[in-house]
Structure formats: structure tokens, C-alpha cells
Amino acid sequence: MDTKEQVSVLSDNESSPLLSIEQLAELDFIESMRRELPFLAKYMAWAYLVLSIFHLFFIIEDARAYLVAGVLLSALTCSYISWYLYRCEKPTRALLICVQLSFVFIVTANVIAHMLLTKEVFQSTNIMMVLMLLAYLKLPLRYYSVSLLIIAIVWVVTISIIAEPGDPLVPHFGFAMLFGANIATVIRIAQHNLIARKNAELHARLVTEQQLNIANKQLTYKTQHDPLTGIGNRRK
């Protein structure tokens, strides 16, 4: 049952209060994330499993064991999240937000660990994966903003640890990070506005339908009862 079907059932009874736009937004968020997050977790689990195999051949020996262990742990974590979500019949909004934040943490932790262990500034390109993930997820804007700020701070601190003074790659990737963050933010805001507009239109339609239902019931009552006495008309 999708969001429109759920709210239609909830609004069929005129004695029930009509859902507000905020309630519709929460219902839409839960329903969409309930469908999308289990698949995303499964995809990330397989991606990290494949990545662990590549790490065995393409990562420097000093960092290989740590990074392989890290991506395998990430694969197991994402597998468990996927398994749990597929079996969770009524996930809460708080749970779905925590799952999204855990995805951001997993990807960011792997990227930063890669940079620290290999001491390669050009691994900053992997931060773009985090920005793409943030743009895809439907985190509330305040969670999105805080996540983006933390990622930027962690990247700056990491660069200050591994980069040599005057390294030309630092301003290059700094600009790339800024540009990527702007694009991700534009996408997230556009996504937020689109969902808000859809819920507002759905709410307006439900209000109209409820008003029509009330008017039809009033009209039916008037046609079946005497307007002066209120006694029901006799029908043979």
C-alpha cells in the first residue's frame, strides 16, 4: 500500500481528523525509505565485498590488512542492516534516519581510513562518493547540513595530517569538494521542495474530497427527510 492509498483509507471516515501536510510528509518519508533502504544496504554490502577483493591486489602492503578488514566489516554491517529492514514491518522515522546516517558514517570512515593509511591526497576523490550518497538520501535538511559540515571538517583535518606543505593537490581537491557539496545541496533542496509540493497537492485534494463527501451526505439527508419536521420520507 503506497502513501496515497494509506491516506485515502485514513481519510474515508469523515469523523477522523484529516492528516496535516506534516503528517503526510512523515508518512511519505517512512514509506519511501522502507522500500529503498533495504535495497541500498544490500547494494552497499555487495559493493564492499567486491572492494575487499580489489584491495588484496591494489593496496600497498602496509595498509592492506587494515583496509580489507574495514571493508569486510562494512559489508557485514550493511548485510545486517538490509536483513533487519526487510523484516521490520513498521520502521519508525527515527530508525530510518539512523540507518541513513549509518550509511554516511560507513562510507566516510572507509574513505578517511584509506587516506590516512595510504597518505595519498588524491584519494580525496572518494569523498565524492559520500556527497553522492548524501544527495541520494532523504535526510531531513538539518541532518543533511550537519552531516555535510562534519564531513568537511574531517576531510580538512585529514588533509592537514597527510599533505605536504604546498601540495598543489590540496587546493585542487578543496575546490572539487566545495563544488561537489554545492551540487549535492542543490539536488537535496530540489528533492525536498518536490516532495513538499507533492504532499501539499495531496493534502489539498484530500480536503476537497472530504468536503465533497460531507456535502453529498448532507444532500442525501435532505432528500430523504422532510425539511420542516426532519421526519424521514416514506417510500413504498
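Thresholds, definitions, all that
Each chain carries its own residue numbering, running from 1 in the direction its sequence is written. Confidence filtering applies because this is a predicted model: local features only for residues at pLDDT of at least 70, side-chain atom pairs given and counted only at 80 or more, and all residues used for totals across whole chains, interfaces and linings. With hydrogens and water excluded, all non-hydrogen atoms of the structure serve as input to the side-chain values. Secondary structure follows DSSP: runs of H or I at least 4 residues long count as helices, runs of E at least 2 residues long count as strands, and numbering of each begins at the N terminus. Only protein chains enter the accessibility calculation, which uses a 1.4 Å probe; a residue whose area is less than 20% of its type maximum is buried, one above 50% is exposed, and one in between is partly exposed. Residue-level accessible areas treat just the shown protein chains as cover; the underlying method is Shrake-Rupley with a 1.4 Å probe. Here the nonpolar core consists of buried residues drawn from Ala, Val, Leu, Ile, Met, Phe, Trp, Tyr and Cys, with membership extended through side-chain atoms lying within 4.5 Å. Between two residues, a contact is recorded if the distance between any of their heavy atoms is within 4.5 Å. Comment: axis = line fitted to C-alpha atoms, over the contacting stretch for helices; angle = value between 0 and 180 degrees taken between N-to-C directions. Angular relationships are summarised with four words: roughly parallel below 35 degrees, roughly antiparallel beyond 145, roughly perpendicular across 65 to 115, and oblique for the angles in between. The sense of a crossing depends on the near helix, which, turned anticlockwise from the far helix by less than a right angle, makes the crossing left-handed and, turned clockwise, makes it right-handed.

Another aspect to go through is the overall build of the protein. Within the protein, the secondary structure is distributed over 7 helices and 0 strands. Reading the protein from its N terminus to its C terminus gives the helix and strand order α-α-α-α-α-α-α. Within the protein, buried positions represent 36% of all 236 residues. Here the protein displays about 14,800 Å² of accessible surface, and carbon together with sulfur accounts for 67% of that area.

In this section: the nonpolar core. L37, F103 and I127 are the most contacted members of the largest nonpolar core, which has 44 residues in total. Listed by contribution, the elements that provide at least two residues to this core are α2 (21-58), α3 (61-87), α4 (93-118), α5 (127-136), α6 (141-162) and α7 (169-224). Broken down by element, the residue count for this core peaks at 10 residues, all from α4. Not counting residues up to four positions away in its chain, the partners in contact with I127 are V111, I112, I151, W155 and M177.

Time to look at the packing of α4 against α6. Relative orientation of the contacting elements α4 and α6 amounts to 15°, with a least axis distance of 11 Å. In terms of axis orientation, α4 runs roughly parallel to α6. Two packed elements cross with a definite hand, and for α4 against α6 that hand is right-handed. On α6, the residues touching R93, I97, L101, V104, T108, I112, M115 and L116 of α4 are R142, Y143, S147, I151, V154, W155, T158, I159, I161 and I162.

Bear in mind that shape data such as this cannot, by itself, settle questions of function.
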